[in-house]
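# Structure assessment
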Number of protein chains: 2
Amino acid sequence: MAHPLFTPEVQMLLADNDIEGIRAFVETLHPATVAEALADALAPDEIWRFLRHADIKSQAVVFEYFPMELQVQMVQGTGRQHMAQLIEQMSHDDRVDLVRRLSRPIAEEILRLVDEADRKDIANLVRYAEGTAGAIMTTDYAWLPEDITVGEALDRLRLQAPDRETIYYVYVLGEQHLLRGVVSLRQLILAPRAKILRDLMETDLVTVRAADHRSEAARLIARYDLLAIPVVDDEGRLVGIVTYDDVMDVMEAEATEDVQRLGGVGTIVENYLQAPFLTVWRKRAVWLACLFVAELFTFSALASFEHAIEKLVVLSMFVPLCISTGGNSGSQAATLITRALALGHISAAQWGRVLRHELRMGLALGLTLGVVGFLRAWGTYWFEPHLLQGSQGSVEWWRLALVIGCAVAAICLWGTLIGSMLPVALKGLGLDPAFASSPFVATFVDVTGITIYFLIALLVIPGLA
Amino acid sequence: MAHPLFTPEVQMLLADNDIEGIRAFVETLHPATVAEALADALAPDEIWRFLRHADIKSQAVVFEYFPMELQVQMVQGTGRQHMAQLIEQMSHDDRVDLVRRLSRPIAEEILRLVDEADRKDIANLVRYAEGTAGAIMTTDYAWLPEDITVGEALDRLRLQAPDRETIYYVYVLGEQHLLRGVVSLRQLILAPRAKILRDLMETDLVTVRAADHRSEAARLIARYDLLAIPVVDDEGRLVGIVTYDDVMDVMEAEATEDVQRLGGVGTIVENYLQAPFLTVWRKRAVWLACLFVAELFTFSALASFEHAIEKLVVLSMFVPLCISTGGNSGSQAATLITRALALGHISAAQWGRVLRHELRMGLALGLTLGVVGFLRAWGTYWFEPHLLQGSQGSVEWWRLALVIGCAVAAICLWGTLIGSMLPVALKGLGLDPAFASSPFVATFVDVTGITIYFLIALLVIPGLA
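Residues numbered from 1 in each chain as written. Chains lettered and ligands numbered in written order. Predicted model: local features only at pLDDT ≥ 70, side-chain atom pairs only at ≥ 80, totals over all residues.

Moving on, we get to the overall build of chain A. Looking only at helices and strands, chain A has 23 helices and eight strands in total. A compact globule built from 465 residues would reach a C-alpha radius of gyration of about 23 Å, whereas chain A, at 31 Å, exceeds it by more than 25%. Viewed in the frame of its principal axes, chain A has a C-alpha envelope of about 95 × 60 × 40 Å. Burial analysis of chain A (465 residues in total) assigns 45% to the buried set. Long-range contacts, defined as pairs at least 24 residues apart, comprise 72% of the intrachain contacts of chain A with a sequence gap of at least 6. (Helix = DSSP H or I, 4+ residues; strand = E, 2+ residues; numbered from the N terminus. Rg over C-alpha atoms; globule rule 2.2 N^0.38 Å. Buried ≥ 20, exposed ≤ 12 C-beta atoms within 10 Å, placed from the backbone. Contact = placed C-beta atoms within 7 Å.)

This paragraph deals with unusual backbone geometry. The backbone of Q176(A) sits at a positive phi, close to 55°, despite the residue not being glycine. Tracing the backbone shows Q176(A) in the loop between β2 (166-173) and β3 (179-184). Residue class for Q176(A) comes out exposed when judged on the 8 C-beta atoms lying within 10 Å of it. In this model, N17(B) sits at a positive phi of 50°, which is unusual for a non-glycine residue. Here N17(B) shows up in the loop between α1 (7-15) and α2 (19-28).

This paragraph deals with the sheet that holds strand β5 (residues 228-232) of chain A. Residue and element names in this part refer to chain A. Read from one edge to the other, the open sheet built from three strands follows the order β4-β5-β6, with strand pairing classed as mixed. With one partner strand each, in any of the chains shown, β4 (208-209) and β6 (238-243) form the two edges of the open sheet. Pairing geometry for β4 and β5, over two bridges, is parallel. Bridging across to β5, V208 finds its partner in V231. Each of β5 and β6 touches helix α16 (residues 244-262); the most contacted strand, β6, lies at about 65° to it. (Pairing = 2+ DSSP bridges. Axes fitted to C-alpha atoms, helices over the stretch in contact; angles between N-to-C directions.)

All names here are of chain A. With domains assigned, chain A is organised as domain 1 (4-127), domain 2 (136-250) and domain 3 (277-460). Computed over C-alpha atoms, the centres of domain 1 and domain 2 are 29 Å apart. Of all the secondary-structure elements, those providing two or more residues to the side of domain 1 that touches domain 2 are α8 (92-101) and α10 (116-125). Class assignment of the residues belonging to the side of domain 1 that touches domain 2 gives a composition of one nonpolar, two polar and two charged. (Domains from an automatic or database assignment. Nonpolar A, V, L, I, M, F, W, Y, C, P; charged D, E, K, R; others polar.)

A word on the sheet that holds strand β3 (residues 179-184) of chain B. All names here are of chain B. One open sheet holds the three strands; their spatial order is β1-β2-β3, and the pairing between them is mixed. The open sheet terminates on both sides in strands that have one partner only, identified here as β1 (141-145) and β3. Direction aside, the axes of adjacent strands within the sheet are offset by 35° on average. Note: β1 against strand β2 (residues 166-173), five bridges, orientation parallel. Along β2, the bridge assignment pairs W143 with Y171.

Taken together, the 91 residues of chain B in the interface contact 91 residues of chain A. Element by element, the count of residues in the side of chain B that touches chain A is highest for helix α20 (residues 319-342) of chain B, at 15 residues. Partitioned by chemical class, the residues of the side of chain B that touches chain A number 54 nonpolar, 21 polar and 16 charged.

Over its 28 residues, helix α17 (residues 277-304) of chain B extends 40 Å from the first C-alpha to the last, a length consistent with the 40 Å expected when each residue adds 1.5 Å. Within the sequence span of α17(B), burial applies to R284(B), W287(B), L288(B), L291(B), F292(B), E295(B), T298(B), F299(B), A301(B) and L302(B). The elements touched by buried residues of α17(B) are α19 (314-317), α20 (319-342) and α21 (351-383) of chain A together with α23 (438-460) of chain B. (Expected span 1.5 Å × (residues − 1).)

Before going further, it helps to examine the packing of helix α5 (residues 56-64) of chain B against helix α7 (residues 80-89) of chain B. Residues and elements named next belong to chain B. Relative to each other, α5 and α7 sit at 75°, their axes nearing to 8 Å. Between α5 and α7, the crossing angle belongs to the class labelled roughly perpendicular. Touching I56, K57, Q59, A60 and F63 of α5 are Q85, L86 and Q89, all from α7. A per-class count over the contact of α5 with α7 returns four nonpolar, three polar and one charged. (Parallel < 35°, antiparallel > 145°, perpendicular 65-115°, else oblique.)

Now for the environment of A43(A). Residues and elements named next belong to chain A. Counting through the fold element by element, A43 comes out in the loop between α3 (31-41) and α4 (44-51). Overall, A43 belongs to the exposed group, with 11 C-beta atoms counted inside 10 Å. Separated by 27 residues in the primary sequence, A43 and L70 have C-alpha atoms spaced 10.0 Å apart.

Looking now at the pairing of β2(B). All names here are of chain B. In terms of burial, β2 is largely enclosed, as seven of its eight residues are buried. Bridging between β2 and β3 involves five bridges; their strand directions are antiparallel. Among the inter-strand pairings, V170 is bridged to a residue of β3, identified as V183. From the end of β2 to the start of β3, which pair antiparallel, there are five residues, and Q176 there has a positive phi angle of about 55°.

Moving on: the environment of S394(A). All names here are of chain A. With respect to the secondary-structure elements, S394 resides in strand β8 (residues 393-394). Separated by 333 residues in the primary sequence, S394 and V61 have C-alpha atoms spaced 79 Å apart. With near-sequence residues (within four places) excluded, S394 lies in contact with L388 and Q389.

When chain B is fitted to chain A, the best match, at an RMSD of 0.2 Å, comes from turning it 180° and sliding it 0.1 Å along the axis. Interpreted geometrically, this transformation is the action of a two-fold axis. In this assembly, 100% of the residues forming the interface of chain B have copies in chain A that are likewise at the interface, indicating an isologous arrangement. (Least-squares fit on C-alpha atoms with pLDDT ≥ 70 in both.)

Listed below in structure tokens is the structure:
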């Protein structure tokens, strides 16, 4: 939600160049609120004129809360030297996200001015591919050796605390940064001051590898109710931590991706009203055009049954009903299976169980809908008897009703099987099962459903071929 | 993911009645792992025979990690007295979830045996409706008065700490539990011991009301990167806190609900493979049957254009192509808008802006697809010229191509408008916009699309009426 209430205040502070007021505004409000108020009220260059009155640490904290597109835009609007100072103050994971999105020459110009330790840290983190745990981790964790006492540990933590992303989990490291255990600040507060960390720490650790998918970090944090999860390399050395707040952003982003893929939108992660028209048009048009071209085959399929349609026009009138049944049952199955895969309730290896389950379910659903279809087709005998009249004599009502009932049942089963197996197959191939979107499944089942429908009609109604 | 590796170990420990081994197993592993291993390997009554060897506190911690259905089942399998002890040890929010799901007589029998303070706490929390912040909050927070020093605060916290859900945020309360501020444990560790809490605490607080929707608590925690959010009543008194780990569960549950509604599945929150067949069949069949009955109108719509189809059969062959365009563009728009509403990027009040945006987008998309449709229909002149032959003379190729092109463009625009306005309207009415699912929008646009298509055909092709 926007903060339109702050807009006049922010604009007035800037117009009056009220340095005291600006400082108070930045320091009393939560940085998320400040960022939102500034982004709403001011243009990017005005935001810099406003922010420069606060100290560089506060600037960095507010800057991190701007949407990524605005951050990238704002990098252009200030000096390289200032940007380098800001980057030194930003949290280790957020600044890497930013650097990743800058053009290479600009990033290099700025990084040349950043102090050496920070520059190395950025170069180290930027190596991890997007979507991995490494790409969302921070190197800004608190750590201690294993042979000190709780009292010493608390004293050392007081020195580390102001800089660390979290001090509520303290990692206990051995030689060469090998991860030995973890103690929580709660444990440290409660333990006697003379106790040695080695005897206090938890050693049954939940960890991820840097190359693991970020959703694995999210899953483990959620499952074990952790504040942060340590990220280790192949030798078990601690290379970073992923904190719960970054994981929440991951969960939101992944849910958006899933929903958009399922809806056949492609991935449009940008803010709906702010995304540029042409970009969105292109993304949406590509998906729709692909589906449209695939759907062209419905015409070809129908044209190949031209004679049957000419002999009995009523057959063509049941086509949308029959094929939509397959689209709906397919999209329902695809949604259920995709979500079950995402939540880890099933794995691709269990495809046999899923197939058996959906076979029974598809039959049960098909029979249910088939009966309704049969009754409606029977209804033509009472309500639209002239439709039973074909160009070469009339068809018995029960034959038409049988065709519709069987076609609906068969296509419903077919849609259910396609909708359930496609996400499992995609997952098995290492692709995102959410690509088996409702529109995609519906389009595929539309084309094949027409063939199933007319084959049944040719079988049941004599003289149609 | 399951822990099949533990199954033989767990079964052997139980078979040997190895009390020491069982205790070690429960105490060394993370309770989430223990819960999963037991749920996989043992029947509910065997789980009790296993767990009773651990102390009651450990039993409670493991019990909380069982899926809710198993918890309810397990309540039946043990004595009321034992269950009452377990409930006294469980965390305040989880035990209320459990009590909520028990039948009233059983819940009352057990609660009668729970000690008075805990019973009152449960009775207090159980009042809040499901889906509210009150229903997921815990009363197990750490709090302190405002006029003590940091040193005293740390000493008092050491006494409270073992029982509290979190001690990383400490709430500073005035008379009558009025919420004055919050200090983090990090601040307490860093501050001089003589400083008064009042001078240290944050007073710019982000809070929710107990009656607010739980997703509001989730949104604020994610936006402000909080560990917990205080829940207050109308007078500003602290009544509980919602912690980040409960919010993660909320985010997952809400994402599942959204995805399932969008896919036209209804809400099936249970685990896919464990949910009972008949329940799932009923939920899925109800949705499919509703869509099927709505889709019956496609037959009626087509039957009302019977004469046009009889005169020019090729018209019926383009029906699936034209109406699927509307379904796809509609489901795309509905998905985008529903997600944008869920993320707070747009609000229902901005429907005018959304309408203008989607009007332009629908026109742009419609023109794109309309051109492809025009070209394909023109293709009949080259590839299927006999299809242009109607029962009352042949139709010019350009008239057919014009009908298809215009119909595709019009139906695409129509689908986009329906798909975008329906979620906004549902939201405006206080309903969940995700009910504007892909299959629902597609079905609606199928029926209306047929009418649009034939009206254009009647207009462009003379002698069809």
